[in-house]
Amino acid sequence: MNETTVCVVGNVATRPAYRELATGPSARFRLAVTARYWDREKNAWTDGHTNFFTVWANRQLAVNVAACVEVGQPVVVQGRLKVRTEVQGQQQWASADIDAVAIGHDLSRGMAFFQRAVKPEAPSTAARPEPNWETPRPTEPLDGQPGQHGQEQQEQGAGEGGVEAQEQQAAVVT
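**Q** Residue-level account of the pairing of strand S2 (residues 17–21), with values.
**A** Here S2 runs beside strand S3 (residues 24–39); their pairing, made up of five bridges, is antiparallel. Within the sheet, the bridge partner assigned to arginine 19 lies in S3 and is serine 26. Once S2 ends, the chain turns through two residues before running back antiparallel as S3.

Right, dumping it as structure tokens:
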């Protein structure tokens, strides 16, 4: 709920490492993000400090990253930022990881062509024939012989001779 969500634009610095784990597919790569600014003295764009992030992708995103992302490509990564600090021996170091929710190519610096991922088909179960949902008409008995019920309605409608009786008979027949 109180997570730090970031959107980072940078270049892929390492080849994505893909692994099949017990929890599902996982991929990671390093992302280089370099700030650029306009240097008025030089009258040119200048590179600033470069930050490196380890980007983690899981499940279908990991599969797609492994298939589509290559070193040097400009990408946009959105996800949850996690900063860790550890001490190893006499040195303390920090690591910035991004649990990616979405990753895409930066279209301001190139072109990409989208292709929807194909889901594997589920194994088909034994085919069962479709049940016959049709029911016989109420005036036709199951054995095909004219029944008493339909004849009584016809005689009753003819005997009364009224328009309402004929409409009811027509409604029952159709």
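Now, onward.
**Q** Which residues make up the pattern of salt bridges, and what are the values?
**A** Here the structure, examined in full by the defined rule, presents six salt bridges. A salt bridge links arginine 36 to aspartate 47; its shortest N-O distance comes to 2.5 Å. Here aspartate 47 lies in strand S4 (residues 44–58) and arginine 36 lies in strand S3, a separation of 11 residues in the sequence. Of the charged contacts in the structure, one is a salt bridge between lysine 82 and aspartate 99, with a shortest N-O distance of 3.0 Å. In this pair, lysine 82 is assigned in strand S5 (residues 74–88) and aspartate 99 in strand S6 (residues 91–105), connecting sequence segments 17 residues apart. Residue lysine 82 is classed as partly exposed on the basis of its relative accessible area, which comes to 43%. Note on aspartate 99: relative accessible area 18%, which makes it buried.

Conventions used here
Residues numbered from 1 in each chain as written. Predicted model: local features only at pLDDT ≥ 70, side-chain atom pairs only at ≥ 80, totals over all residues. Heavy atoms only, no water. Pairing = 2+ DSSP bridges. Helix = DSSP H or I, 4+ residues; strand = E, 2+ residues; numbered from the N terminus. Salt bridge = Lys/Arg side-chain N within 4 Å of Asp/Glu carboxyl O. Buried < 20%, exposed > 50% of the residue type's maximum accessible area, 1.4 Å probe, protein only.

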